[in-house]
Amino acid sequence: MTSPSPQRPPELPNRPKGESDETSKDLDETSKAPEIPLRRIPGFRWFWLSRAVSGLGSAITTVALPVLIFQETGSPLMVSLVAAAATLPYLVFGLIAGTVADRVDRRRLMIVTDWLNAACLASVPLASALDVLTGGHVLVVALASAALSLFFDAGVYGFVPDIVGKGNLAGANSALYGADTVVRIAGNAVAGGLIFLFRPAGTLALDALSFAVSALLIRAVSHSHSHSHSHSHTTERPGTPRAKQPGWKESVHEGLRFLYRQSTLRVMTVVGTLQSFSGGAIIGQLVVFADRVLGIQGSDGRIGLLYMAWSAGGIGGSVLLPRLRRRFEAFPLLLGVLPIGALLGLVVVLTSDWRVALVALAVWGSAYLVVLVNTMTYSQEVTPAELQGRVNTTRRMLSSGLGVPLGALVASTVTVRVGIQAGMSTAVVSIALAAVVVWGVQLRRWLRGRTEE
């Protein structure tokens, strides 16, 4: 794995009004950060492995939990609630998790939440063995596990820059997301066989084990790995906040203020939410689209290929992003990728040939992940270390917590009232709107630059 060469982030030297001097300093430091191959950063190797192991376990649980809750209750409503549990914590605890991550040792936070998640998931096979497992127990575990994962993720946002330095973030994030995509595909593929062998409740024990292994691997990230490079801004342990924090209420407001005042990040957050809306719409209606438009019904194995194409496209996106960031800055990159995504979405919606849809979904998935990781990387680059948790969990709260479920809900409503192609088109409209937003902002900046000249 290699990292992209350093570059000067957007808006320098002509920074738009409203950008703070602190943000400018962060951007300057990022632009000067030396390139270091990720394979030479031992701390990142351990962390990457921890994410791969934990991601594999979580991918298996994604399949096993709905099967288990339906087996226990026979209720489609409970199945839906388990699915909603994956994103609900972002709306409820998003701001709190970010504040906590910015006030404590992030490395320790991640280790503790991994161990708690292991215990939480292990309670399911234990209760099943004792014959006391209930549907309510499974639902509580789904919610608690998702909430703990949220606190873990809040720590990750500041932990990764501490390990690799801001100049290596595009490569590091691409490597993490690429590994996550691969293990998610593998986990989904083997989940059915594992459920058959161990039953749904027993399968969750494997995920509990993966969290325990993850905790041990993160513990192996030694203190020296985060500040052994000249570009690091801190002499503390990986994930430790550098400055004394204000009160809880002021901490939340501080993160929100930074996100609002940093104009490019604010626009990219809006774009990320619109893109997540499209993701919720496309995945939420893909089965119906396959049945009514592509002629893929019931247990036809091609439906699995469609889902796999979307996920596999993410692997291509993770490979592309570091290369694209060598040539393009974060915001200009969106000017090209978003229109391409909208065009590919239109191809999917208009085609009735499953093979064309398969290819278009794969390339669309690549564009989708490029936008996702590009936005996350830029946010980590420009956000001060002491604000990483708050700023990035707020972004994630808006995208994953709001955008994905809202996209699924709107698309399903349009499908019922108008038709499946109209429902799928909501995803295309959302991405097209995101493209209009970034092009509108860019044109305004060009015009303002000419006026100032």
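Reading the values: the criteria
Throughout, residues of each chain are indexed from 1 in the direction in which the sequence is written. Where local features are concerned, this predicted model is filtered to residues with pLDDT of at least 70; where side-chain atom pairs are given and counted, the filter is 80 or more; whole-chain, interface and lining totals use all residues. Processing note: side-chain calculations cover all non-hydrogen atoms of the structure and skip hydrogens and water entirely. Elements are defined by DSSP. Helices are runs of H or I of four residues or more, strands are runs of E of two residues or more, and each kind is numbered from the N terminus. Under the scheme applied here, a residue whose accessible area is under 20% of the maximum for its type counts as buried, over 50% as exposed, and between as partly exposed, the area being computed with a 1.4 Å probe on protein chains only. Whether two residues are in contact is decided by their heavy atoms, any of which lying within 4.5 Å being enough. Working definition of accessibility: Shrake-Rupley area with a 1.4 Å probe, residue cover restricted to the visible protein chains. Here pLDDT means the predictor's own confidence in every residue, given as a number from 0 to 100. Among buried residues, the Ala, Val, Leu, Ile, Met, Phe, Trp, Tyr and Cys ones that are joined through side-chain atoms within 4.5 Å form a nonpolar core. Ring geometry is summarised as follows: Phe, Tyr and Trp rings, the Trp one being its six-membered ring, pair when their centres sit within 6.5 Å, and such pairs are stacked at plane angles under 30 degrees, edge-to-face over 60 and tilted between the two. In our convention, an over-ring charge means Lys NZ or Arg CZ found within 6 Å of a ring centre and within 35 degrees of that ring's normal. Salt bridges are defined as contacts in which a side-chain nitrogen from Lys or Arg sits within 4 Å of a carboxyl oxygen from Asp or Glu. Lines fitted to C-alpha atoms define the axes, with helix axes restricted to the stretch in contact, and inter-axis angles between N-to-C directions lie between 0 and 180 degrees. Angular relationships are summarised with four words: roughly parallel below 35 degrees, roughly antiparallel beyond 145, roughly perpendicular across 65 to 115, and oblique for the angles in between. With the far helix as reference, a near helix turned anticlockwise by less than a right angle produces a left-handed crossing, and one turned clockwise produces a right-handed crossing. Three residue categories are used. Nonpolar comprises Ala, Val, Leu, Ile, Met, Phe, Trp, Tyr, Cys and Pro, charged comprises Asp, Glu, Lys and Arg, and polar comprises the others, including Gly. Think of a polar contact as two N or O atoms within 3.5 Å of one another; within protein, one of them needs to be a possible hydrogen donor and the other a possible acceptor, and neighboring residues in sequence only count if both atoms come from side chains.

### Let's talk about the overall build of the protein
Check the secondary structure of the protein and you find 14 helices and zero strands. Walking the protein from its N terminus toward its C terminus, one meets helices and strands in the order α-α-α-α-α-α-α-α-α-α-α-α-α-α. Split into buried and exposed, the 453 residues of the protein put 54% on the buried side. Look at the contacts in the protein between residues 6 or more apart in sequence, and 83% of them connect residues 24 or more apart. In the form shown here, the protein has an accessible surface area of approximately 19200 Å², with 65% of it arising from carbon and sulfur atoms.

### Things to note about the confidence of the model for the protein
Across the protein, the average pLDDT comes to 82, with 85% of residues at or above 70. At the level of individual helices and strands, the protein shows its lowest average pLDDT in helix H1 (residues 21–32), which scores 44, and its highest in helix H5 (residues 106–129), which scores 95. The model gives residues 1–32 a pLDDT under 50, and that stretch makes 79 contacts with residues more than four places away or in other chains.

### Some thoughts on the nonpolar core
Core analysis: the biggest nonpolar cluster contains 55 residues, and Leu306, Leu338, Leu361 and Trp364 have the highest contact counts within it. Every element with two or more residues in this core is listed here: helix H8 (248–261), helix H9 (263–292), helix H10 (302–327), helix H11 (330–350), helix H12 (354–382), helix H13 (388–417) and helix H14 (420–452). Among the elements that make up this core, the one with the highest residue count is H12 (12 residues). Once residues lying within four places of it in the same chain are set aside, the contact partners of Leu361 are Ile282, Leu286, Leu306, Ala309, Trp310 and Val348.

### Looking at the packing of aromatic side chains
Applying the stated criterion to the full structure yields four aromatic pairs. Taking 5.4 Å as the distance between ring centres and 85° as the angle between the ring planes, the aromatic pair formed by Trp310 and Trp364 counts as edge-to-face. Residue Trp310 is located in helix H10, and its partner Trp364 is located in helix H12; the two are separated by 54 residues in the primary sequence. Pairwise contacts between aromatic rings join Trp310, Trp364 and Tyr368 into one cluster. The ring of Tyr260 is capped by Arg266, whose NZ or CZ atom sits 5.1 Å from the centre of that ring. Between Arg445 and the ring centre of Phe331, over which it is positioned, the NZ or CZ distance is 4.9 Å.

### Some thoughts on the pattern of salt bridges
Note that side chains of opposite charge can pair when their charged atoms are close. Tallied over the full model, the rule gives eight salt bridges. Here Arg106 makes a salt bridge to Asp102, at a shortest N to O gap of 2.8 Å. Note on accessibility: Arg106 and Asp102 belong to one class, buried. We note a salt bridge from Arg390 to Glu254, for which the minimum N-O separation is 2.9 Å. In this pair, Arg390 sits in helix H13 while Glu254 sits in helix H8, placing the two residues 136 residues apart along the sequence.

### Concerning unusual backbone geometry
Here the phi dihedral of Asp131 falls at roughly 65°; this positive angle occurs in a residue that is not glycine. Counting through the fold element by element, Asp131 comes out in the loop between H5 and helix H6 (135–164). Look at Arg199: it is not a glycine, yet its phi comes out positive at around 65°. Along the chain, the position of Arg199 falls in helix H7 (residues 169–219). Using a relative accessible area of 56% as the deciding quantity, one classes Arg199 as exposed.

### Considerations on the packing of H9 against H10
Across the interface, H9 lies against H10 with an axial gap of 10 Å and an inter-helix angle of 150°. It follows that H9 is roughly antiparallel to H10 by the angle criterion. Remark: the crossing between H9 and H10 carries right-handed chirality. In this structure, H9 uses Ile282, Ile283, Leu286, Val287 and Ala290 to contact H10, whose residues at the interface are Ile303, Leu306, Tyr307 and Trp310. Across the contact of H9 with H10, the residue classes tally to nine nonpolar, no polar and no charged.

### Things to note about the environment of Ser318
One can find Ser318 in helix H10. A relative accessible area of 9% places Ser318 in the buried class. Spatially, the C-alpha atoms of Ser318 and Val373 are 7.9 Å apart, while their sequence positions differ by 55 residues. If we ignore the near neighbours within four places in the chain, the residues touching Ser318 are Ser174, Gly178 and Leu369. Within the structure, the side chain of Ser318 is placed 2.6 Å from the backbone oxygen of Ile315, a separation counted as a polar contact.

### Here we look at the side chain of Ser278
If you trace the backbone, Ser278 turns up in helix H9. When its relative accessible area of 1% is taken as the criterion, Ser278 is described as buried. At 2.5 Å, the side chain of Ser278 forms a polar contact with the backbone oxygen of Gln275. With near-sequence residues (within four places) excluded, Ser278 lies in contact with Tyr368, Ala427, Ser430 and Ile431.

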